[in-house]
Each structure stands twice: as structure tokens, then as C-alpha cells.
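Observations on chain architecture
Each chain, letter by letter, is given below.
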Amino acid sequence: MIKLLARGLIKYGLIPLAYRLIRLYLLTVRTSVIGEEALLNHLNAGGKGIAGFWHQRFSGLLGYAHRLGKYAPSAIISQSRDGDLIAQAVTLCNVRPIRGSSSRGGREALKAILADLQLNPLAGHALDGPQGPRWVLKPGLVAIAQRSRAAVFPLYVSMDRAWALRSWDRFLIPKPFSRILICWDPPLTVPEELNEAQFEATRAKLEELMKSRQQKLDTAWRAGKGAIAHDHGQ
């Protein structure tokens, strides 16, 4: 049903209208942001950054991405039909889509994102997208950070109440009047020179860090214990 609706929106050019409705919907959601200062200071000082997040939490970023529009962020978007919808949606959020994925056009997308980071400071990357498995960090993030020399900024999204779709990652959509926590960790660097074993160790360590941190934030946020430094209503 969701896919049929998405294809209808694309076919009849209704993506901008749908986006406006989503923005109105997100006005009912309260979003809190912590840790953003480290990212902004890094970018304002001329550094490069890659925001890595779990695919399941993408919807929680739709009302937030425009805040980073001045840094012209890009993101790799699948070449699938679903990717067509996402590409149009992120464009409206001031994010520039680069088409390709680990399953389709992966090598070309990697070259494109590396070239883009030479000209622009910020890229977003869904760690386990576009087809999973869920909570498994694919090697793309490590490869991009290694070759671009950009710092990795782990990005987490927690929702206190959300619907879970019947997709491979149980994609979450925040419910009306729910709360969203967006949390940035300090930057991580990936060594430029890694052998195969070191590369895998780096990937696995980052996966465990981000999976554990996301789960802890979810638990604290839903219990009302999340420490909030900055609070921004959408």
C-alpha cells in the first residue's frame, strides 16, 4: 500500500504537496537536539563531516535537515523506485541526492560522494540502507571517511511514540504529538591506511558503538531521562 501511494505521488507530481502536508504534521511533534555544536564548530572551521544514522530513523530527520541547509549536505539515495521518492523528498529538505547504493550503482555513488565532499563540507549516510540487514553497518561509511578524510559524526534519532512499518528495518514514523530526540556524538576519525583486517575491525567497532548508543538513548528518552541541552520546536 505504501509503495503504491509513493508511486502515485511521483507519477502525478504530488511530492511537493505531500512534503508540505508532512511539514504541517511535524508541527505537532516536539524535537530536541543535543550535541550539534561540535558538528557546527567543525564545519565552520573548514572541516568535512559525514553524518551516519540508522535507516530506520530517517523520518525523524525530515523536519530537522533544513537547519543544516547552509552546508549544502548530500546523501546517497538508492536507484530504486522507492529511491525516486526519497530523492525528491530530501531535495525539498535542502539535501542534495546522489543516486546509488551498495546493491545498485555502488561504485559510481562512492566516486560521486567523494568528489562531492571535495567541494562541499557535509554528507549524510544511512548506515544499513537501503536494504539491510537492520543494525548492520555496511562498509560504505568507513570507505567514504577513509578516502575523503572527513570526520564521522554519529547521529541518533529517538522517538518516544512511533508507528513501525512492515519493512526490513521496521521503519519508524513518529506519532502526532510525540517527542523526537536528535543527538550528535563527537567526531570520529578513520585512519587513511587500513589493511583488510583493520578495516573490518573499524567497521565492527563503529557498528557496535552506534547500535549500543542508539539503544541506550531510546531507553532513556522513552523513560523521560534524556538530558536535553537545546530544545527546538518544529
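Refer to the structure printed above.
Being a predicted model, the structure only gives us computed values, none of them experimental. Sequence positions are assigned chain by chain, starting from 1 and proceeding in written order. Totals for whole chains, interfaces and linings use every residue, but because this is a predicted model, local features are given only for residues with pLDDT of at least 70 and side-chain atom pairs only at 80 or more, for both listing and counting. Excluding hydrogens and water, the side-chain values take into account all heavy atoms of the structure.

Moving on to the overall build of the chain. Secondary structure assignment for the chain yields 7 helices and 10 strands. The buried label applies to any residue whose accessible area, calculated with a 1.4 Å probe on protein chains only, is under 20% of its type's maximum; exposed applies above 50%, and partly exposed to all values in between. The burial tally for the chain puts 44% of its 234 residues in the buried class. In this analysis, two residues are considered to be in contact whenever any of their non-hydrogen atoms come within 4.5 Å of each other. Excluding contacts between residues fewer than 6 apart, the proportion of contacts in the chain whose partners are at least 24 apart in sequence is 76%. Here, Shrake-Rupley sampling with a 1.4 Å probe gives the accessible areas, and only protein chains in the shown set may cover a residue. Approximately 12000 Å² of the chain is accessible, and the part contributed by carbon and sulfur atoms is 58%. We count a stretch as a helix when DSSP gives it H or I for four or more residues in a row; a strand needs E for two or more, and each element gets its number in order from the N terminus.

With that out of the way, let us pick up the packing of helix 6 (residues 140-148) against helix 7 (residues 196-222). For every element, the axis is a line fit to its C-alpha atoms; helices are fit only across the contacting stretch, and the angle between N-to-C directions ranges from 0 to 180 degrees. Packing of helix 6 against helix 7 brings their axes to within 9 Å, and their N-to-C directions diverge by 115 degrees. In the crossing of helix 6 with helix 7, the sense of the turn from one axis to the other is right-handed. Where helix 6 approaches helix 7, its residues Leu141, Val142, Ala143 and Gln146 are matched on the opposing element by Phe199, Thr202, Arg203 and Leu206. Residues are grouped as follows: Ala, Val, Leu, Ile, Met, Phe, Trp, Tyr, Cys and Pro are nonpolar; Asp, Glu, Lys and Arg are charged; every other residue, Gly included, is polar. Of the residues belonging to the contact of helix 6 with helix 7, the class tally is 5 nonpolar, 2 polar and 1 charged. The hand of a helix crossing depends on one turn: near helix anticlockwise from the far one by less than a right angle means left-handed, and clockwise means right-handed.

This brings us to the layout of surface pockets. In this model, the second largest pocket occupies a volume close to 200 Å³. Looking at the second largest pocket, the residues that line it are Val152, Leu188, Thr189, Val190, Pro191, Ala201, Thr202, Lys205, Leu206 and Leu209. The element that contributes the greatest number of residues to the lining of the second largest pocket is helix 7, accounting for 5 residues. Of the residues contributing to the lining of the second largest pocket, the split by class is 7 nonpolar, 2 polar and 1 charged. Lining residues are defined by having an atom within 4 Å of a point belonging to a cavity or pocket. Those points lie on a 1 Å grid over the protein atoms alone, cavities being sets where a 1.4 Å probe fits but cannot get out and pockets being open sets with protein on both sides within 12 Å along at least five of seven lines. Grid points are joined across faces, edges and corners, and a volume is the space filled by probe spheres set on the points.

Centres within 6.5 Å make a pair out of two Phe, Tyr or Trp rings, where for Trp the six-membered ring is used; the pair is then stacked when the planes are under 30 degrees apart, edge-to-face when over 60, and tilted otherwise. The final tally for this structure, using the stated rule, is 2 aromatic pairs. Measuring from ring centre to ring centre gives 5.0 Å for Trp54 and Trp135, while their planes differ by 70 degrees; the resulting arrangement is edge-to-face. One end of the pair, Trp54, is in the loop between strand 2 (49-53) and strand 3 (74-77); the other, Trp135, is in the loop between strand 5 (122-126) and helix 6, and 81 residues separate them in sequence. Of the two residues, Trp54 and Trp135, both sit in the buried class. Between Phe153 and Trp184, the aromatic rings sit 6.5 Å apart at their centres with planes inclined by 80 degrees, giving edge-to-face as the arrangement. Highlighted residues: Phe153 in strand 6 (residues 151-159) and Trp184 in strand 9 (residues 179-184), separated in sequence by 31 residues.

Moving on, we get to helix 6. Where burial is concerned, most of helix 6 is hidden: 7 out of the 9 residues are buried. What helix 6 keeps buried is the set Leu141, Val142, Ala143, Ile144, Ala145, Gln146 and Ser148. Taken from the residues just after helix 6, Arg149 is the one with a positive phi, measuring 65 degrees.

So, about the pairing of strand 3. Two strands qualify as a pair provided DSSP detects at least 2 bridges between them. Where strand 3 lies against strand 4 (residues 96-99), 4 bridges are found, and the strand directions are parallel. Each residue of the ladder has a partner; that of Ala75, found in strand 4, is Pro97.

The subject of this paragraph is the pairing of strand 6. Among the 9 residues that make up strand 6, 9 are buried, leaving the element largely enclosed by the rest of the structure. Every second residue of strand 6 is oriented toward a common face, with Ala151, Phe153, Leu155, Val157 and Met159 on one face and Val152, Pro154, Tyr156 and Ser158 on the other, all of them buried. Note that strand 2 and strand 6 share 4 bridges and pair parallel. Paired with Ala51 across the strands is Phe153, a residue of strand 6.

Relative to the helices and strands, Ile182 resides in strand 9. Judged by its relative accessible area of 0%, Ile182 falls in the buried class. When neighbours within four sequence positions are excluded, Ile182 is seen to be in contact with Thr31, Ser32, Val33, Ile34, Gly60, Leu61, Tyr64, Leu155 and Tyr156.

This part takes up the side chain of Lys138. Inspection of the secondary structure puts Lys138 in the loop between strand 5 and helix 6. Distance and chemistry together define a polar contact, namely a pair of N or O atoms within 3.5 Å, with one atom able to donate a hydrogen and the other to accept it when in protein, and with adjacent residues in sequence counting only for side-chain atoms on both sides. In terms of polar contacts, Lys138 uses its side chain to reach the backbone carbonyl oxygen of Gly132, at 3.1 Å.

A few words on the pattern of salt bridges. Should the charged atoms of two oppositely charged side chains come close, the side chains can pair. Only one rule defines a salt bridge in this text: a Lys or Arg side-chain nitrogen within 4 Å of an Asp or Glu carboxyl oxygen. According to the stated counting rule, one finds 8 salt bridges in the structure shown. Of the charged contacts in the structure, one is a salt bridge between Arg57 and Asp218, with a shortest N-O distance of 2.8 Å. Of the two residues, Arg57 sits in the loop between strand 2 and strand 3 while Asp218 sits in helix 7, which places them 161 residues apart along the sequence. Given a relative accessible area of 3%, Arg57 falls into the buried group. In this structure Asp218 comes out as buried when scored by relative accessible area, which is 7%. Ionic pairing is found between Glu207 and Arg203, a salt bridge with its closest N-O pair at 2.8 Å. Here Glu207 and its partner Arg203 are both found in helix 7, 4 residues apart, which amounts to about one turn of the helix. Across the pair, Arg203 and Glu207 agree in class, each one buried. Residues joined in a network through salt bridges with shared partners are Glu200, Arg203 and Glu207.

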